[in-house]
Amino acid sequence: MIRVLPPDVAAKIAAGEVVERPASVVKELVENALDAGASTVSIELEEGGRRLIRISDNGHGIATDEVPLAFERHATSKLQTLDDLDHIHSLGFRGEALASISSVSQMTLVTRPDDEQAGVRATLENGEIIQIEPAASPRGTMITVENLFYNVPARLKFLKKTTTERGAISALITRYAMAYPGVRFQLTHGKQELLRTNGSGNLHTVISEVYGVEVASQMIEVSLEGGALRPDLHPVGVYGYTSQPALNRANRSHITLFVNGRWVQDSSLTHAVVQAYHTMMVGGRYPVAILMITVPPEQVDVNVHPAKTQVRFRQQGAVFSTIQRAVRRVLIDQAELPTVRDDIIWGSPDWQARRDRLAQVTSSRMNQMGIDLDLDDPGQYRKQTAEQSDEPNEPPRRKRKIPVMRVVGQVGDSYVITEGPSGIYLIDQNAAHQRVLFERFLAERQHEEPASQELMEPVVVELLAEQIAAFEEQAEEVVGLGFSVEVFGHNTLRIRALPALLADSDPVDALMAILGQIEGEASPSIETRQERLAARMCREAAVRIGQTLSFAEMQALLRQLEECEAPQTDPYGHPTMIHISAEQLAREFGRASRLDESQTG
Ligand code: ADP
Ligand code: MG
């Protein structure tokens, strides 16, 4: 039987599109405050927003007699005709947020516009106003949302942990704080202040309030004026900051883009920023960037999804290339070139220098690589028969997964060339070492505490509130790797010890790499979260591409790879080696067909 749904059921279903979680409530209410021209927006949360979300602003308020209208679905003061959709200047326009949020929570609104003496307080339950009365109020609006989803048990079940919701909300507010540097934001969770900006109007100041002074000092200004009204200018404008290549992160989540003041999550535009760093940043690392993109409003459609985080451009390609060029240009002008590491001498004709250097690195880096030297068979691969050990107590060796090999040399300070019984092998030194470290770590973990190295002095890191939340959520696993880290006041962690594997790394980089992993980045070939973190740590600790290895180091690496359970791939499933068979070589040289000749010499 077909029935028309009762209005409150229909309302709750529709609300689901706008209100998914506490962060979406905060987003809508903050956008309303900004649309109302507020210069101060304060956000209070309890229990990650599920108990309470309160947003107070000093914007223009709502006229007393219009308050009931504000909660009607499709009631908005921001749009009148269909044409207006083509040039939206406000963040809201659908007239849905208050209606939706009030239908799935207990809401109170207190508001007073400039030109009225007294304000009004409205209390709602299930989307209906149950009480409305005059009330004293400062200029502006305060909306309190309590017990979100109390009347939609199905949604309630899916809410994440308090730390997760809190992290999502601080991620959101930090973005808005950066997009609106002239607005003072204050975010508190219970008694804890998570963020406060001073509203000075200076984006660089906000970046240091959000990311810390250290990060801010490594950000370069991007400024490409654009204007629809100035025929001499390109219509697309880009303003903001992007990081020196040396400042980078393990994922894209620190590339923040705003289009006409609206935070968008658009993988194509994000890619434009990443591309601008092409060849300047190692693969798998991403810049930190905060860019405000301005596009003539009629060129962009923000009405793609109710949450309004996606946009469509009339000329996507032009927007993409403008961003990419704007960022690229400042990088080329201002990026500090990374100091060329003096052990990269690939291409140098000075063989004596290379030999000297090799002698040095052999001794200095041996410990760093954690490689047990095994120099009993220099330059020769062990005969297969040598595996049957004479030592009676030695456990029987595992069945070989890869053949025994002899080191021939290193190419490009990146790949180890070896010879095996049936041809040549090219070994990716970084991938191979990751594999070795990974298996060793997992094996050791079964028997003992993770090896850890105390720092001489604890190191303090400033992080985003969302990163702190991410850390807190997985603190146990991070400690399981051998870190000793504690939350230390507002936005700050204190590192006391590092996993032994990372003992030579910069403590902050090491922790950031692991936290970057926590934030995202799936690796399907790894099963548990702990293993994923371990893999990430090994990636951080492994010898790099571009690192000169001594002969002994290469041999030791090979011996250890041979011992691995799964020597063919790194922990992420990338190959560690390429095999070129003897037959293939013969074929390539056309020897297969002139077998007779070769035999006769
Ligand atoms: P929209 O923002 O799409 O117009 P909302 O449901 O979010 O729809 O809000 C409905 C209307 O209520 C807005 O158009 C605005 O007139 C008014 N309003 C909501 N929040 C505020 C606020 N913080 N300050 C002033 N007016 C507000
Ligand atoms: Mg709105």
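Notes on the overall build of the protein
Right, on to step 1. Counting its regular elements, the protein contains 19 helices and 24 strands.
Right, on to step 2. Split into buried and exposed, the 601 residues of the protein put 48% on the buried side.
Right, on to step 3. Looking at the protein alone, contacts between residues at least 24 apart form 70% of all its contacts between residues at least 6 apart.
Right, on to step 4. Summed over its atoms, the accessible surface of the protein is roughly 29600 Å², and 52% of this surface lies on carbon and sulfur atoms.

Some points on the confidence of the model for the protein
Regions with low pLDDT carry predicted coordinates that are not meant to be interpreted in detail.
Right, on to step 1. For the protein, per-residue confidence averages 80 on the pLDDT scale, and 80% of positions sit at 70 or higher.
Right, on to step 2. Here helix H11 (residues 351-369) stands out as the element of the protein with the lowest mean pLDDT, 47, in contrast to strand E2 (residues 52-57), whose mean of 98 is the highest.
Right, on to step 3. Under a pLDDT of 50 for its full length, residues 337-351 has, in the predicted model, 14 contacts with residues more than four places off or in other chains.
Right, on to step 4. Of the regions scoring below 50 in pLDDT, residues 358-398 engages in 69 contacts with residues more than four places distant in sequence or in other chains.

Topic: the sheet that holds strand E4 (residues 119-125)
Right, on to step 1. The sheet built from eight strands is open, its strands ordered E5-E4-E3-E6-E2-E1-E7-E8 with mixed pairing. Each having just a single partner strand, strand E5 (128-135) and strand E8 (192-196) make up the two edges of the open sheet. Each strand of the sheet is rotated relative to its neighbour by a mean of 10°, with strand direction disregarded.
Right, on to step 2. Bridge count between E4 and E5: seven bridges; the pairing is antiparallel. Counterpart to Thr 123 in the pairing with E5 is Gln 131.
Right, on to step 3. Along the sheet face, helix H2 (residues 22-35) touches strand E1 (40-46), E2, strand E6 (140-146) and strand E7 (184-189) and points at about 10° away from the line of E2.

Looking at helix H6 (residues 162-179)
It helps to recall that an α-helix has 3.6 residues per turn; residues three or four apart then point in one direction.
Right, on to step 1. Across its 18 residues, H6 extends 26 Å between first and last C-alpha, which sits within 8% of the 26 Å expected from 1.5 Å per residue.
Right, on to step 2. Within H6, 14 of the 18 residues are buried, which leaves the element mostly enclosed by the surrounding structure.

Let's talk about the pattern of salt bridges
Pairs may arise between side chains of opposite charge once their charged atoms sit close together.
Right, on to step 1. Evaluated as defined, the whole model comprises 16 salt bridges.
Right, on to step 2. With a shortest N-O distance of 3.8 Å, Arg 51 and Glu 46 are connected by a salt bridge.
Right, on to step 3. Given the relative accessible area of 34%, Glu 46 is considered partly exposed.
Right, on to step 4. Three or more residues are tied together by salt bridges with common partners; here these are Glu 46, Arg 51 and Glu 146.

Structural notes on the environment of Lys 191
Right, on to step 1. Residue position: Lys 191 is located in the loop between E7 and E8.
Right, on to step 2. Lys 191 gets classed as exposed once you look at its relative accessible area, which sits at 88%.

Considering the packing of aromatic side chains
Centre distance and the angle of the planes are the two values used to describe a pair of aromatic rings.
Right, on to step 1. Counted by the stated rule, this structure contains three aromatic pairs.
Right, on to step 2. Centroid distance Tyr 176 to Tyr 180: 6.3 Å. Interplanar angle 15°. Geometry classified as stacked.
Right, on to step 3. On the accessibility criterion, Tyr 176 (0% relative accessible area) is buried.
Right, on to step 4. A centroid spacing of 6.4 Å and a plane angle of 75° characterise the contact between Tyr 239 and Tyr 241, whose relative ring orientation is edge-to-face.

A short note on unusual backbone geometry
Right, on to step 1. In this structure, Glu 47 takes a positive phi of about 50° despite not being glycine.
Right, on to step 2. Structurally, Glu 47 can be placed in the loop between E1 and E2.
Right, on to step 3. With a phi close to 50°, Asn 260 is a non-glycine residue in the positive phi region.
Right, on to step 4. If you trace the backbone, Asn 260 turns up in the loop between strand E12 (255-259) and strand E13 (262-264).

Observations concerning the sheet that holds strand E15 (residues 289-294)
Right, on to step 1. Here we have five strands laid out as an open sheet, ordered E9-E10-E15-E12-E13, and mixed in their pairing. The sheet terminates laterally at strand E9 (219-224) and E13, the two strands that pair on one side only. Taking the axes of each pair of neighbouring strands and ignoring which way they run, one obtains an average angle of 20° across the sheet.
Right, on to step 2. Of the pairings in the sheet, the one linking E12 to E13 comprises three bridges and is antiparallel in character. Bridging across to E13, Val 259 finds its partner in Arg 262.
Right, on to step 3. With respect to the sheet, H6 is in contact with E12, E13 and E15, its orientation differing from that of E12 by roughly 55°.
Right, on to step 4. Relative to the sheet, helix H9 (residues 267-276) contacts strand E10 (237-243), E12 and E15, its axis offset from that of E12 by approximately 125°.

A word on the nonpolar core
Right, on to step 1. Counting residues in each nonpolar core, the largest one holds 63 residues, and the members touching the most others are Val 26, Val 30, Val 41, Ile 43, Ile 173 and Phe 185.
Right, on to step 2. Each residue touching Val 41, except ones within four places of it in the same chain, is listed here: Val 30, Ala 33, Leu 34, Ile 55, Ser 56, Val 183, Arg 184, Phe 185 and Gln 186.
Right, on to step 3. Judged by nonpolar contacts, the second largest core, of 32 residues, contains Val 264, Tyr 286, Leu 291 and Val 300.

Description of the packing of H2 against H6
Working note: a packed helix pair is described by the angle between its axes plus the distance between those axes.
Right, on to step 1. As a packed pair, H2 and H6 sit with axes 9 Å apart at the nearest point and diverge in direction by 25°. One way to sum up the angle between H2 and H6 is to call them roughly parallel. The element H2 and its partner H6 pack so that their crossing is right-handed. Packed against H2, whose contacting residues are Pro 22, Ala 23, Val 26, Lys 27, Val 30, Glu 31 and Leu 34, the element H6 presents Glu 165, Ala 168, Ile 169, Leu 172, Ile 173 and Tyr 176 at the interface.
Right, on to step 2. Within the contact of H2 with H6, the residues separate by chemical class into ten nonpolar, no polar and three charged.

A look at helix H13 (residues 465-473)
Right, on to step 1. Summarising burial for H13: seven of the nine residues are buried, a large majority.
Right, on to step 2. Turning to H13, its buried residues are Ala 465, Glu 466, Gln 467, Ile 468, Ala 469, Ala 470 and Phe 471.

Some details on the pairing of E2
Right, on to step 1. Here E2 lies mainly inside the structure; five of its six residues are buried.
Right, on to step 2. The pairing of E1 with E2 spans six bridges and is antiparallel. Looking across to E2, one finds that Leu 45 is bridged to Ile 53.
Right, on to step 3. Linking E1 to E2, which pair antiparallel, is a turn of five residues; within it Glu 47 sits at a positive phi near 50°.

Quick look at the packing of H6 against H13
Right, on to step 1. Orientation of H6 relative to H13, taken along the N-to-C sense of each, is 165°, at an axis distance of 7 Å. One way to sum up the angle between H6 and H13 is to call them roughly antiparallel. For H6 against H13, the interelement crossing comes out left-handed. Each of Thr 163, Thr 164, Arg 166, Gly 167, Ser 170, Ala 171, Thr 174 and Arg 175 in H6 lies in contact with H13, whose residues at this interface are Ala 465, Glu 466, Ala 469, Glu 472 and Glu 473.
Right, on to step 2. Each residue belonging to the contact of H6 with H13 can be placed in one class, and the counts come to three nonpolar, five polar and five charged.

Observations concerning the environment of Glu 562
Right, on to step 1. Mapped onto the elements of the fold, Glu 562 is located in helix H17 (residues 551-562).
Right, on to step 2. Assessed through its relative accessible area of 7%, Glu 562 is described here as buried.
Right, on to step 3. Separated by 126 residues in the primary sequence, Glu 562 and Val 436 have C-alpha atoms spaced 9.1 Å apart.
Right, on to step 4. A polar contact is formed between the side chain of Glu 562 and the side chain of Arg 559, at a distance of 3.2 Å.

Here is what the cut-offs are and how they apply
- Sequence order as written defines the numbering, with residues in each chain counted from 1.
- Chain labels run from A onward and ligand labels from 1 onward, assigned in the order the entries are written.
- Local features in this predicted model are restricted to residues whose pLDDT is 70 or higher, and side-chain atom pairs enter the listing and the counts only when it is 80 or higher, whereas totals over whole chains, interfaces and linings include all residues.
- With hydrogens and water stripped out, all remaining heavy atoms of the structure feed into the side-chain values.
- Every helix listed is a DSSP run of H or I at least four residues long, and every strand listed is a run of E at least two residues long, numbered separately from the N terminus.
- Under the scheme applied here, a residue whose accessible area is under 20% of the maximum for its type counts as buried, over 50% as exposed, and between as partly exposed, the area being computed with a 1.4 Å probe on protein chains only.
- Note on contacts: a residue pair qualifies if any of its non-hydrogen atoms lie within 4.5 Å across the two residues.
- Here, Shrake-Rupley sampling with a 1.4 Å probe gives the accessible areas, and only protein chains in the shown set may cover a residue.
- You can read pLDDT as the predictor saying how much it trusts each residue, on a scale of 0 to 100.
- Between any two strands, at least two bridges found by DSSP are needed for them to pair.
- To define axes, lines are fitted to C-alpha atoms, for helices over the stretch in contact only, and angles between the resulting N-to-C directions are given on a 0 to 180 degree scale.
- Expected helix span is taken as 1.5 Å per residue step, with the number of steps being one fewer than the number of residues.
- A pair is scored as a salt bridge if a Lys or Arg side-chain nitrogen falls within 4 Å of a carboxyl oxygen belonging to Asp or Glu.
- Each aromatic pair joins two rings of Phe, Tyr and Trp (for Trp, the six-membered one) with centres within 6.5 Å, and gets the label stacked for planes under 30 degrees apart, edge-to-face for over 60, and tilted for any other angle.
- Among buried residues, the Ala, Val, Leu, Ile, Met, Phe, Trp, Tyr and Cys ones that are joined through side-chain atoms within 4.5 Å form a nonpolar core.
- To sort the angles, those under 35 degrees are grouped as roughly parallel, those over 145 as roughly antiparallel, those from 65 to 115 as roughly perpendicular, and the leftovers as oblique.
- Less than a right angle of anticlockwise turn of the near helix away from the far helix marks a crossing as left-handed, whereas a clockwise turn marks it as right-handed.
- Each residue is assigned to one class: nonpolar for Ala, Val, Leu, Ile, Met, Phe, Trp, Tyr, Cys and Pro, charged for Asp, Glu, Lys and Arg, and polar for all the others, Gly among them.
- For this analysis, a polar contact is any N or O atom pair within 3.5 Å, provided that within protein one partner can donate a hydrogen and the other can accept it, and provided that sequence-adjacent residues contribute only side-chain to side-chain pairs.

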